[in-house]
Every structure is written in structure tokens, then in C-alpha cells.
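Inside the fold
So you can see what is in the structure, the chains are spelled out below.
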Amino acid sequence: QLQLVESGGALVQPGGSLRLSCAASASLDYATIGWFRQAPGKEREGVSCFSKGGGITKYADSVKGRFTISRDNAKNTVYLQMESLKPEDTAVYYCAANTALVGWCAIVSDIYNHWGQGTQVTVSS
């Protein structure tokens, strides 16, 4: 069972930056990865994803141009670099993985079968 552990969440001022990490218990070379977030009282929202091999990346319109997904295969870690943070970015952020998908990704939670426990990001002055 692939285990994912997120870290890096914090309280940050509007306009600030933050990098979230998602450490995996096994190689992510063969996994499609997604980042999601859930704000209090709201449904889980897809943020970003990249396909197995990294050929395809996608971003939600709300974060496009501000967030960047990446990974370090040597460290079995996926990152979400977040810039120009806004109060509406406040949420618990989750990473997710699917090892069966090939060549595509989607920021839809139903396709992912491995999830981390989440890390809190709060954007406030």
C-alpha cells in the first residue's frame, strides 16, 4: 500500500509563498499524482496533477500561473510550489496518487486511490 505524507503547510500572509511536499513510501516514477484542497464547509477541489512520466500537467483555473507541481523521483517526493497566495487559498491540502493510469491525469478525486492525511495552509494577515 502506497503511503503519502504531506508537509509544509503554514500560516502565511497574502501575497506570500509556500512549498508543500508529499513524501511517498515507494517510488513515484510510475504514479499519476494529484494535489487537492478542501476549505471548511466546501467540497474537495482539484488543484493540479501530472501524469505518469510527467508529460502532462494540469492546473485549476483558480491557481493557474501561481502554483507549480513538480517531483523529485530520487526522493520519492512531489511538490506544490504556491506563489501570490490569496485568502481563498486557505484549505487543507492533500496529495493523491494512482499507479494504474498511463499517459493522462485529471484533477478529479475519484480517479485517485492513495491519499495523504493533508496539511493545513492558512493565508491571512
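Residues numbered from 1 in each chain as written. Predicted model: local features only at pLDDT ≥ 70, side-chain atom pairs only at ≥ 80, totals over all residues. Heavy atoms only, no water.

Side note on the environment of Leu4
Short version of the rule: Only DSSP runs of H or I reaching four residues or more are called helices, and only runs of E reaching two or more are called strands; each is numbered from the N terminus. Only protein chains enter the calculation, and the probe is 1.4 Å; a residue is then buried if its accessible area is under 20% of its type maximum, exposed if over 50%, and partly exposed in between. In what follows, residue pairs with any heavy atoms lying within 4.5 Å of each other are defined as contacts.
Here Leu4 lies in strand S1 (residues 4–7). Note on Leu4: relative accessible area 5%, which makes it buried. A C-alpha to C-alpha distance of 17 Å links Leu4 and Gln81, two positions 77 residues apart in sequence. For Leu4, the contacting residues outside a window of four places in its chain are Cys22, Ala23, Ala24, Leu28, Cys95, Ala96, Ala97, His114, Trp115, Gly116 and Gln117.

Topic: the sheet that holds strand S7 (residues 67–72)
Note the following rule: Here a strand pair is declared whenever DSSP counts at least two bridges between the two strands. Between N-to-C directions, angles cover 0 to 180 degrees, with each direction set by a line fitted to C-alpha atoms, over the stretch in contact for helices.
Overall, antiparallel pairing links the 4 strands, which are arranged S1-S3-S8-S7 in an open sheet. Either end of the sheet is taken by a strand with one partner, and the two such strands are S1 and S7. For this sheet, the mean inter-axis angle between neighbouring strands, taken without regard to orientation, is 20 degrees.

Some details on the pattern of salt bridges
Heads up, the condition is: When a carboxyl oxygen of Asp or Glu is within 4 Å of a side-chain nitrogen of Lys or Arg, the pair counts as a salt bridge.
Counted under the stated rule, the structure contains 4 salt bridges. A salt bridge links Asp61 to Lys64, with the shortest nitrogen-to-oxygen separation between them at 3.1 Å. When salt bridges with common partners are traced through the structure, they connect Arg37, Glu45, Arg66 and Asp89 into a single cluster.

As for the state of the cysteines
Keep this limit in mind: Only a pair of cysteine sulfur atoms within 2.5 Å counts as a disulfide in this structure description.
Under the criterion given, the structure shown has 2 disulfides. Each sulfur in the disulfide pair Cys22 and Cys95 lies 1.9 Å from the other. Measuring handedness by torsion sign, the sulfur bridge of Cys22 and Cys95 sits at about 60 degrees and is right-handed. Pair noted here: Cys22 is in strand S3 (residues 18–24) and Cys95 is in strand S9 (residues 91–98), with a separation of 73 residues, a long-range link. Neither Cys22 nor Cys95 differs from the other in exposure class; each is buried.

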